[in-house]
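Chain and residue survey
Read off the chains here:
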Amino acid sequence: MDFIKETGRRRTFAIISHPDAGKTTITEKILYQGGVIREAGEVKGKSGTKAATSDWMTMEQERGVSITSSVMQFDFRGLRVNLLDTPGHKDFGEDTYRTLIAADCAAMLIDSAKGVENQTRKLYEVCKLKKMPIFTFANKMDREGKEALEIVDDVESTLGIKCYPVTWPIGMGDLFAGLYHRLENKVYHYTKGKVEPEIFDVTGWQDEKIKAICREDFIYDKFLEEMELLEIAIDPFSKEEFLQGKVSPMSFGSAKFNWGVDIFLEIFADFAPPPLPRLNRAGELIEPENKKFSGFVFKIQANMDRKHRDRVAFVRVCSGQFERGMKVLHVRLKRDIRLSYATQFMAQDRETVEEAFPGDIVGVTDTGNFQIGDTITSGQKFMYPDMPRFSPEVFAKLSIKDPLKRKQMQKAVLQLGEEGTVQIFVDPFVGIQDPVIGVVGELQFDVLLYRLNDEYGLDVKLDRQPFGVARWAHKKDGSEIGKSINGGTLYRDIAENPVVLLNREWDLRWIEKENPDLEFKSTAGL
Ligand code: G4P
């Protein structure tokens, strides 16, 4: 296969949204358009006994929350698209952040009745930090919601990004008539119950033909009014600005009725960037076309398949070609390992991959060598940046009744820490046998206890700790920090970074006063 051609046709993105905005529904429709599933409905919603294709764990299915992220691959218009699924629940925000780092662009899904919700804002900040190109899809146009202009304003003011509406809705809710495609001068007229839209050409938004599809005159008048405003207020589309994450191509529709999802995919195919060059820790840009293989682990998942009881490290290929069985340098461990078994994913179905290209995600079977953020290369000694870690808000220690099982518990917790399920903080004077566990949201503790019980057969109890924030400590002059600091305990996270744990943010003032040579950050690796 032609390496340059294959690399150039890769597109890798993640959908971010608030829970219930319709991510599962739109994913299903996208996979349908991509020919991955034969029939819309194979990937089901969350209620009742239906299981979303990307949900692996029983608990997710029982709880109806998508906890783990998976990767789905499909072809569209000659492109090979990798869609990285992200958990919507806020307690699993970290998993989402890491997935975004593995993607080259993101699609933000907004419930048009609710506008930009809090969680989307936080995720968006990560995109902004990364200057990530972002698409916006305003969903649920089949329902009465906010006015389209209000949604634009909401995105622009809360997220600080300009919108470029590629389509514009004609009506909403029961009076939704269709979408006007501003770039193609086409109208997509949708009718509930009809699978295919009626598509017709128009001379522009003022074309009288549009009036004919509006069931009420006021809908048409409003459309004209809004278009007039848009034409004045919205600058022409700049691909440059889009690639810098400054302007977002926006489209409207209804995932449920499959309205506008095909248009969204077309816009995606037109604008989404191929794999982008990535900076390594030394600040050098690694081009995807560089023939030497490199990639990083952004996710580790254990026991995805009960029959195998294995652990899979998800690697984002950044440069060069991946081949099954290849020998790579594990840069952190400074030794070669052979990637003998690798898989690509279409939700539950695993397929063995023989080769993969920049932009692709491969799952490699891991026997305990990998941590999130690890770099593998075909011999080059550089590392990609560490994965960001965010301050947990809830802390606990673990205890187990059966003292004979304590060692087993320590091992299990360490494994789950490496997977990023929880964060682990070790007091160097106490040691790894009794770490503090930190999570962003309570649901993560539920997952921890469930998995310790279900996968490791451990009956563990949580002992809450009074902490409420973690702050990563750095010497202002960049030198190494010693083992202790004044007025507090210096813990280490799983990557050995020094951290202080505090009850309240306010307590930081005291620690800062006691240690004027140090500065404290609320994230690591960003
Ligand atoms: P999520 O993954 O982002 O959490 O959302 P999901 O797709 O599960 O959708 C959440 C709810 O919103 C579902 O309803 C789904 O049917 C509905 N939904 C998604 N897209 C649209 C849309 O475009 N229009 C309308 N009207 N509803 C939409 P549910 O009642 O929770 O489940 P179900 O019984 O409908 O499957």
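Description of the structure in this document.

Conventions used here
- Residues numbered from 1 in each chain as written.
- Predicted model: local features only at pLDDT ≥ 70, side-chain atom pairs only at ≥ 80, totals over all residues.
- Heavy atoms only, no water.
- Helix = DSSP H or I, 4+ residues; strand = E, 2+ residues; numbered from the N terminus.
- Buried < 20%, exposed > 50% of the residue type's maximum accessible area, 1.4 Å probe, protein only.
- Pairing = 2+ DSSP bridges.
- Axes fitted to C-alpha atoms, helices over the stretch in contact; angles between N-to-C directions.
- Contact = heavy atoms within 4.5 Å.
- Salt bridge = Lys/Arg side-chain N within 4 Å of Asp/Glu carboxyl O.

Before going further, it helps to spend a moment on the environment of glutamate 480. Relative to the assigned elements, glutamate 480 resides in the loop between strand S29 (469–475) and strand S30 (491–492). Classification of glutamate 480 as exposed rests on a relative accessible area of 74%. Taking the C-alpha atoms as reference points, glutamate 480 and proline 498, 18 residues apart in sequence, are found 9.7 Å from one another.

A few words now on the sheet that holds strand S25 (residues 394–400). Pairing is antiparallel across the open sheet formed by 4 strands, whose spatial order is S26-S27-S25-S28. Edge positions in the open sheet fall to strand S26 (423–425) and strand S28 (460–464), since each of these has one partner strand only. Each strand axis lies, on average, 40° off the axis of its neighbour in the sheet, ignoring direction. Taken strand by strand, helix H11 (residues 406–419) contacts S25, S26, strand S27 (436–439) and S28, and its axis lies near 150° from that of S25.

This paragraph deals with the pattern of salt bridges. A side chain of one charge can pair with a side chain of the opposite charge when the charged atoms of the two come close. This model, assessed by the stated rule, comprises 29 salt bridges. Residues arginine 80 and aspartate 75 are paired through a salt bridge, measuring 2.5 Å at the closest nitrogen-oxygen approach. The class for aspartate 75 is partly exposed, based on a relative accessible area of 37%. Linked through salt bridges whose partners overlap, the residues forming this network are Glu6, Arg9, Arg10, Asp75, Arg80 and Asp360.

Right, let's get into the sheet that holds strand S8 (residues 178–181). A sheet is described by the order of its strands in space; here 4 strands give the open sequence S7-S8-S9-S10, paired in antiparallel fashion. At either margin of the open sheet sits one strand with a lone partner, and together these are strand S7 (167–170) and strand S10 (198–201). The average undirected angle you get between the axes of adjacent strands in this sheet is 20°. Taken together, the 4 bridges between S8 and strand S9 (residues 186–189) define a ladder with antiparallel strand orientation. Of the residues in S9, the one forming a bridge with glycine 178 is histidine 189. Docked against the sheet, helix H8 (residues 217–233) engages S7 and S8, running at close to 155° with respect to S7.

With that settled, consider unusual backbone geometry. For asparagine 258, which is not glycine, the phi torsion reads 60° and is therefore positive. Notably, glutamate 496 is not glycine yet its phi reads approximately 70°, a positive angle. By secondary structure assignment, the location of glutamate 496 is in the loop between S30 and strand S31 (498–502).

Moving on: the environment of leucine 159. The topology assignment puts leucine 159 in helix H6 (residues 148–159). Under the relative-accessibility criterion, leucine 159 is labelled buried at 3%. Counting along the chain gives 35 residues from leucine 159 to tyrosine 124, while the straight-line C-alpha distance between them is 7.0 Å. Once you skip the residues sitting within four places of it in the chain, leucine 159 turns out to touch Met108, Val116, Arg121, Tyr124, Lys128 and Asp154.

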